[in-house]
Amino acid sequence: MADTIASQDKTSDKIPVTVLTGYLGAGKTTLLNRILTEPHGQRFAVIVNEFGEIGIDNDLIVDADEEVFEMNNGCVCCTVRGDLIRIIDGLLKRKGKFDAILVETTGLADPAPVAQTFFVDQDVAEKTRLDAVVTVADAKWLKDRLKDAPEAKNQIAFADVIVLNKTDLVTAPELHEVEMRIRALNPYAKLHKATRSNVAIADVLGRNAFDLDRILDLEPAFLEVDEHDHDHDHDHHHGHDHHHDHGLKHYHDETMQSLSLKIDGDVDPAKFMPWIDRIAQSEGPNLLRWKGILAFKDEPRRFVLQGVHMIVDGDLQREWRPDEKRESRLVFIGHHLNRDELEKGFRACAA
Ligand SMILES: Nc1nc2c(ncn2[C@@H]2O[C@H](COP(=O)(O)OP(=O)(O)OP(=O)(O)O)[C@@H](O)[C@H]2O)c(=O)[nH]1
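All of the points below concern the structure found in this document. Because the structure is a prediction, the values reported are computed rather than measured.

Reading the values: the criteria
- Residues numbered from 1 in each chain as written.
- Predicted model: local features only at pLDDT ≥ 70, side-chain atom pairs only at ≥ 80, totals over all residues.
- Heavy atoms only, no water.
- Pairing = 2+ DSSP bridges.
- Helix = DSSP H or I, 4+ residues; strand = E, 2+ residues; numbered from the N terminus.
- Axes fitted to C-alpha atoms, helices over the stretch in contact; angles between N-to-C directions.
- Contact = heavy atoms within 4.5 Å.
- Near = heavy atom within 4 Å.
- Polar contact = N/O pair within 3.5 Å; in protein donor to acceptor, adjacent residues only side chain to side chain.
- Areas by Shrake-Rupley, 256 points an atom, 1.4 Å probe, with all protein chains shown as cover.
- Nonpolar A, V, L, I, M, F, W, Y, C, P; charged D, E, K, R; others polar.

Focus: the sheet that holds strand β11 (residues 287–295)
The strand order across the open sheet formed by five strands is β10-β14-β11-β12-β13, and the pairing between neighbours is antiparallel. At either end of the open sheet lies a strand with only one pairing partner, and these are β10 (257–263) and β13 (311–319). Across the sheet, the mean angle from the axis of one strand to that of its neighbour is 10°, orientation sign disregarded. Relative to β13, strand β12 (residues 301–308) runs antiparallel, the two sharing seven bridges. If you follow Val304 over to β13, its bridge partner there is Asp315. Lying on the sheet, helix α13 (residues 339–347) is in contact with β10, β11 and β14 (328–334); it crosses β10 at an angle near 25°.

Pasting the structure below:
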């Protein structure tokens, strides 16, 4: 411990930042909520960024004392840095109100531009330090995503700490295989196996683990600001291949869609539940992620639905607040989504 303290000496007045990353549905929010609800004696500022038009994620973060700041949707690789800088600048003006910053990126985010923020922006670099990139990996789906999603690979390669989550969904040989895949991409990160992201807080926070030299080996251009890439507003996240001169490939999947549906009021669970089960079966392979917050007829509590491919979780959570409008929202993220059919099916569930 003594040497850790010594090595932090110079930077100890900088605010530590932990970047939580990991592909869609891996368990980032579960980890974030675990951190926020356990007794940690720290005050966190939480910054989240999500994919999708309706801010469901923000709504699923536990009610804690922490303030949650939302980054704009959009092209993560490009807009995230400008947005993140703006939010952090705002936070730094109120220094003293929090001890650490947690940034949860979307599952589709490449961690490089996020991590880069803490080095290339002078103000941010002077006042904060990147403590670690923590990547949550889905033991069940990661091996498929390593084949088709470059972001998933970069998230693993960039990690200082890896939480290999959802070990309950795989057999021991499958777990071993995914661990080998991870190790082939990143032999350096500390790896913790988990279910429901149940790692000790000390394993993910206060690690002082971000290693700039290792990242520069991976991405020689990591510290070069790409002005072209800075602060512009794409209103869409798709359709371009970035050729930063980096060792890693960054691009956005053109076929990825995000579909948001809303009913201004209640749905009938007797219609909704069988419908959503059918969707899980028929659309599951194309559905990377789905979420919903629903008002069930005659039910004072909000029903929260979570899905990754054909695996659906749902439960009744807190009550609708008196000042909250009862409405039912669903977000689907995936490929080849049939908007008309999903919309028609959902509408038919209205109470
Ligand atoms: N079986 C199982 N399910 C889990 C585990 N951890 C999380 N989940 C479930 O997986 C789903 C996704 O978890 P989240 O924590 O929301 O994942 P995320 O990475 O924040 O997802 P996005 O930010 O939407 O990409 C939820 O339904 C969780 O309850 C686990 O260890 N095992």
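Details of unusual backbone geometry
Although it is not a glycine, Ser197 sits at a positive phi angle of roughly 50°. Even without being a glycine, Asn208 presents a positive backbone phi close to 50°. Looking at the secondary structure, you find Asn208 in the loop between α10 (201–204) and α11 (212–218).

Here we look at the site of the ligand
Neighbouring the ligand are 20 residues, the closest being Lys28, Thr29, Thr30, Arg196 and Lys291. Interatomic distance of 2.5 Å between a side-chain N/O atom of Thr30 and an oxygen atom of the ligand. Arg196 has a polar backbone atom sitting 2.5 Å from an oxygen atom of the ligand. When the ligand is considered free in solution it has 650 Å² of accessible area, and contact with the protein chains removes 92% of it. In the shell around the ligand, the residues fall into four nonpolar, seven polar and nine charged.

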